[in-house]
Amino acid sequence: MTLHLALSLAGSGYHPASWRVSSLPRVPSARAYQSLARSAERGRLDAVLLGIPVEGSLDRVNTMQLDPLPLLGSLIGVTNSIGLAALWTVDFTEPFHIARVFATLDHLSYGRTAWIADMFNTEPLLPLIGKPRETDDLMTYCARAGEFIDVVKELWDSWEDEAFALDKISGTFVDPDRVHPINHDHRFFNVRGPLNLPRPPQGNSVLVLRDPPMATARQFVSTVADVILIDGPSATRCHELRSLAAGRDVRILANLLCVLDETETAAHERAAMLDEMVTPGTDHARFVGTPAQLVDYFATCQQQRACDGFNLLPAVLPDDVDRIIDAVIPLARSRRMFRSEYSGTTLREHLGFARPRSLYAGAQFG
Amino acid sequence: MMRKQLHLGLFIYPAGHHIASWRHPAVDAGSIAGMDYYRRAAQSAERGKFDLFFIGDMLAAREKDGRVVREGGLNNIDSISVTSAISAVTECLGLVATLSTTYNEPYYIAERFASLDHISNGRAGWNIITTANDDAAYNFGQKSHMEKTLRYERAKEFVDICTALWDSWQDDALVADASRGLFADPDRIHPIDHHGRFFSVRGALKLPRLPQGWPVLIQAGGSPSGTEFAAMVGEAIFAAQSKLDEARAFRNAVMERMPKYGRSPDSVKILPGLSPIVASTEQEARRKEAELDELILPAVGVWMLSEQMQFRLYGYDLDGKLPSEEIRASGQAFTPRVVNLMDRADREGLTVRACANIVAKSRSHGTFVGTVEGLVDYMQLWLDTGGCDGFNIMPAYFPDELDVFVDEVVPALQRRGLFRTEYAGTMLRDHLGLPYPQHQAY
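### Some thoughts on the overall build of chain B
Part 1 of the argument: A count of helices and strands for chain B gives 14 helices and 15 strands.
Part 2 of the argument: By the compact-globule yardstick of 22 Å for 442 residues, chain B fits well, its C-alpha radius of gyration being 22 Å.
Part 3 of the argument: Expressed along its principal axes, the backbone C-alpha trace of chain B runs to roughly 75 × 55 × 45 Å.
Part 4 of the argument: Each of the 442 residues in chain B was classed as buried or not, and the buried ones make up 53%.
Part 5 of the argument: A separation of at least 24 residues holds for 76% of the contacts in chain B among residues at least 6 apart in sequence.

### Considering the overall build of chain A
Part 1 of the argument: A count of helices and strands for chain A gives 12 helices and 11 strands.
Part 2 of the argument: Taken over C-alpha atoms, the radius of gyration comes to 21 Å for chain A, in line with the 21 Å a tight globule of 366 residues would show.
Part 3 of the argument: Viewed in the frame of its principal axes, chain A has a C-alpha envelope of about 70 × 45 × 40 Å.
Part 4 of the argument: Here chain A holds 366 residues, and 57% of them are scored as buried.

### Thoughts on the nonpolar core
Part 1 of the argument: One finds V48(A), V208(A), C258(A) and F53(B) to be the most contacted residues of the largest nonpolar core, which totals 264 residues.
Part 2 of the argument: When residues no more than four places from it in sequence are discounted, the contact partners of C258(A) are F287(A), L294(A), L312(A), L313(A), P314(A), A315(A), D320(A) and I324(A).

### Observations regarding the interface of chain B and chain A
Part 1 of the argument: With 59 residues of chain B in contact, the opposing surface of chain A contributes 58 residues.
Part 2 of the argument: Within the residue set of the side of chain B that touches chain A, elements represented by two or more residues are helix 1 (35-47), strand 4 (67-68), helix 2 (79-87), helix 3 (106-119), strand 7 (174-177), strand 8 (182-184) and strand 10 (200-201) of chain B.
Part 3 of the argument: With seven residues, helix 3 of chain B is the single largest residue contributor to the side of chain B that touches chain A.

### Side note on helix 6 (residues 244-257) of chain B
Residue and element names in this part refer to chain B.
Part 1 of the argument: Here helix 6 is 14 residues long and its end C-alpha atoms lie 20 Å apart, about the 20 Å a rise of 1.5 Å per residue gives.
Part 2 of the argument: Of all the positions in helix 6, only E246, A247, F250, R251 and V254 are classed as buried. Looking down the long axis of helix 6, one finds its buried residues gathered within 135 degrees of arc, a one-sided arrangement. Residues of helix 6 that are exposed and angled more than 90 degrees away from the buried face: D245, N252 and E256.
Part 3 of the argument: Of the surrounding elements, those touching the buried residues of helix 6 are helix 5 (224-233), strand 12 (236-239), strand 13 (269-279), helix 10 (336-348) and helix 12 (372-384).

### Considering the confidence of the model for chain B
Part 1 of the argument: When pLDDT is averaged across chain B, the result is 92; 98% of the residues are at 70 or more.
Part 2 of the argument: Note on the complex model: pTM 0.95, ipTM 0.97.

### With respect to unusual backbone geometry
Part 1 of the argument: A cis amide bond links G193(A) with the next residue in sequence, P194(A), at an omega value of -5 degrees.
Part 2 of the argument: Cis geometry is found at the peptide bond from G203(B) to A204(B), where omega equals -5 degrees.
Part 3 of the argument: Of note, N183(A) is a non-glycine position whose phi angle comes to about 45 degrees, a positive value.
Part 4 of the argument: Note on N183(A): 13 C-beta atoms within 10 Å, which makes it partly exposed.
Part 5 of the argument: Despite not being glycine, R336(A) has its phi angle at roughly 55 degrees, a positive value.
Part 6 of the argument: Mapped onto the secondary structure, R336(A) falls in the loop between helix 11 (319-334) and helix 12 (347-351).
Part 7 of the argument: Exposure remark for R336(A): the 9 C-beta atoms within 10 Å place this residue in the exposed category.

### Comments concerning the packing of helix 4 (residues 95-108) of chain A against helix 2 of chain B
Part 1 of the argument: Remark: helix 4 of chain A packs on helix 2 of chain B, axes separated minimally by 9 Å, with the N-to-C direction vectors making an angle of 35 degrees. For the pair helix 4 of chain A and helix 2 of chain B, the sense of crossing is right-handed. Across the interface between the two elements, V101(A), T104(A), L105(A) and L108(A) of helix 4 of chain A pack against S81(B), V82(B) and A85(B) of helix 2 of chain B.
Part 2 of the argument: Here the residues of the contact of helix 4 of chain A with helix 2 of chain B sort into five nonpolar, two polar and no charged.

### Quick notes on the packing of helix 10 (residues 291-303) of chain A against helix 11 of chain A
Residue and element names in this part refer to chain A.
Part 1 of the argument: Where helix 10 meets helix 11, the axes come as close as 9 Å, and the angle between the chain directions of the two elements is 50 degrees. Compared by their axis directions, helix 10 and helix 11 come out oblique. Our pair here, helix 10 against helix 11, has a crossing hand that is right-handed. Residues P291, A292, L294, V295 and F298 of helix 10 form the contact with helix 11, whose own contacting residues are R323, A327, V328, L331 and A332.
Part 2 of the argument: Its residues assigned to classes, the contact of helix 10 with helix 11 shows nine nonpolar, no polar and one charged.

### Some points on the pairing of strand 7 (residues 206-210) of chain A
Residue and element names in this part refer to chain A.
Part 1 of the argument: The buried count for strand 7 comes to five of five residues, which makes it a mostly enclosed element.
Part 2 of the argument: Burial along strand 7 is two-sided: the residues V206, V208 and R210 and L207 and L209 are all buried.
Part 3 of the argument: For strand 4 (residues 113-118) and strand 7, the ladder comprises three bridges, and the chain directions are parallel. When the bridges of strand 7 are listed, A114 appears paired with V206.
Part 4 of the argument: When strand 7 meets strand 8 (residues 227-231), the two strands line up parallel, connected through three bridges. Among the inter-strand pairings, R210 is bridged to a residue of strand 8, identified as L229.
Part 5 of the argument: With helix 7 (residues 218-224) bridging strand 7 and the parallel strand 8, this β-α-β connection has right-handed handedness.

### A closer look at the environment of E282(B)
All names here are of chain B.
Part 1 of the argument: Within the secondary structure layout, E282 lies in helix 7 (residues 282-293).
Part 2 of the argument: Judged by C-beta crowding, with 13 C-beta atoms within 10 Å, E282 ranks as partly exposed.
Part 3 of the argument: In contact with E282, other than residues within four places in its own chain, are G370 and T371.

### Things to note about the environment of W156(A)
All names here are of chain A.
Part 1 of the argument: Of note, W156 is situated in helix 6 (residues 138-157).
Part 2 of the argument: Residue W156 is classed as buried on the basis of its 25 C-beta neighbours within 10 Å.
Part 3 of the argument: In the structure, W156 is positioned 132 residues away from L24 in sequence and 37 Å away in space, judged by C-alpha atoms.
Part 4 of the argument: The contact partners of W156, leaving out residues within four places of it in the chain, are A99, A103, L195, R199, P200, G203 and N204.

Thresholds, definitions, all that
Residues numbered from 1 in each chain as written. Chains lettered and ligands numbered in written order. Predicted model: local features only at pLDDT ≥ 70, side-chain atom pairs only at ≥ 80, totals over all residues. Helix = DSSP H or I, 4+ residues; strand = E, 2+ residues; numbered from the N terminus. Rg over C-alpha atoms; globule rule 2.2 N^0.38 Å. Buried ≥ 20, exposed ≤ 12 C-beta atoms within 10 Å, placed from the backbone. Contact = placed C-beta atoms within 7 Å. Core = buried A, V, L, I, M, F, W, Y, C linked by C-beta atoms within 7 Å. Expected span 1.5 Å × (residues − 1). Arc of directions from axis to C-beta. pLDDT = per-residue confidence, 0-100. Axes fitted to C-alpha atoms, helices over the stretch in contact; angles between N-to-C directions. Left-handed = near helix turned anticlockwise from the far one by under 90°. Nonpolar A, V, L, I, M, F, W, Y, C, P; charged D, E, K, R; others polar. Parallel < 35°, antiparallel > 145°, perpendicular 65-115°, else oblique. Pairing = 2+ DSSP bridges. Right-handed = clockwise from strand over helix to strand, strands pointing away.

So this is what it looks like as structure tokens:
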């Protein structure tokens, strides 16, 4: 069983003190992120994840974030194969926007995108957006989020794969019989559709959800996500999520903050130095050690079925990314735990997912 | 003193601005949503030292009687995604994306353009639209599209919030002083605490001040409300006049209104759309034009004309005169483009088919068919007689016609001193000769 590895990029790294030692420019730099994404591609990672925040307060911590959607856009032209994921919440926005932006990004990248559908803990956005969330009741919230995702998928599917006909001779640019208004009119959303773009190369962008902070929402997350991010490897949590997914094909990736160095002592000294500068919260499971120890840890977690892979959160950019790509990946490869080449061109292929059929495939017009 | 020079935008459109462009043998229509298509166009424009790359936005599929139009008319893909993608494969080209103030929230839009400006090192422009097509409403859970006056009131408040958010960090707020452990200085970051008719936004932005201060604010079109709005906030205007006297009148109308908003009339650049077809001889250019026009399906032209005029022309004789009296009597609020076309039809006795062809060929922006030198004369005349500050170039089809412009027209313009030979700066404000917004005092 192959390991799946994603790399999250934000700020100057995921340790709250990262900016004190990082060589990245202080002002958010797309060039720096482009270089990191190319490194990740050189390591043949599954995907780069954008928008997962660094926690803390701005006076002490670099929590600055470029909007993950244009940031994802800026990585498309400088990479060829790696998956590109961006976080955007289901709150304070409309499904049509999400469907249109991710369809665009998926077309531009020839099928390499994932949407990290952020939900639940979106309260910090309230004063910025200036309007209340639809609901704060958890079950109602899940019902709305589920319907939001349904609408997005209906819009992505509203053009069948054959709809973009391009028959120059007959003059049929689009086959109207294969483009379907979705006429969605349920509890929370009323959207006519269709989307104004052909079906994306992946059919649907990969849908990434975070394991919810409250157990009661876990059922919901398991029934819609393609990829679930859990906080640190956990066989118990994996088993629970898989049971709730009830046979759906999901990948479970464990978030892991990485502080790496050549020797175990050096790694612990580095971690201690960073912790002394800014005391970290308890947001993320963390690994401190050598690249070889990290590969051992991967193997142990795999044996214990504690995850299908990892979402690596480098403590400091670019240092920990360099160690992951230049040391961890070659070791994982030498132990046949990780790919040497991509076997496909889309993120779905990297993750081992089939391309979904359009909900409307073969449907009559109307 | 150096003579006044032209500003040039590349107005991108899937396959090309000629409606039948996708049927042209040289066009690979299947490629129009992928990165390679946009990279190629943007890099050509940068090779030609264009000021900017511009892409529009629509929030509903193009339909006729409830079905997607068979014969053409794919919408643009999302404009922020395209411009951010292009930022990574160009160095100097300005990047203008289009987002609607009617169907978005100001914080998100302020953040998105702040990010585009940071990502591109100061090359972002925002084409501010209120969305004109009614169909968009049905994709956003609304029963009907917001009425025009209200849309522009909302747009005004929307833009005010965005500019306040872009000013919410003082230039020196990002301290990053390791010795004090101070990353950003909260005393130099200011919540905006906006409470207005449409929005309540506390702020502040989560990003430092933009390389350009604000993205260049751009307005398109020229209805009375639009003209007023352009005079109030527009730093560049994408105009649609196809006749020199009309263009001059529009430009004067905008500039006359600017002082009442405390703005100097020279702080706006007006760029009408221009779709050129050029060749080494007049005859060859006409042949190229005819080759394209032959690809237009009659149904397409009549559909586009009916949409623009909000008047169903499907039953009318294609070779009869445009029924402009009936159209006028239908009492719709016509856009200036439509009014211009009806006036021209009356003046020249144009048929429905002729009008349909005009719309289909250029989407009723200006066109020029002739030699390179003829086009340069035409552009110089418009520039020197106050018709414009430059043009938004609308190639008939991509990429060939853009390359013709870049490789033949641009050098001819440069030989006459009408266009730059090198970029003078790296930011869009430098190219357009626009001032950098000064930070408001705290």
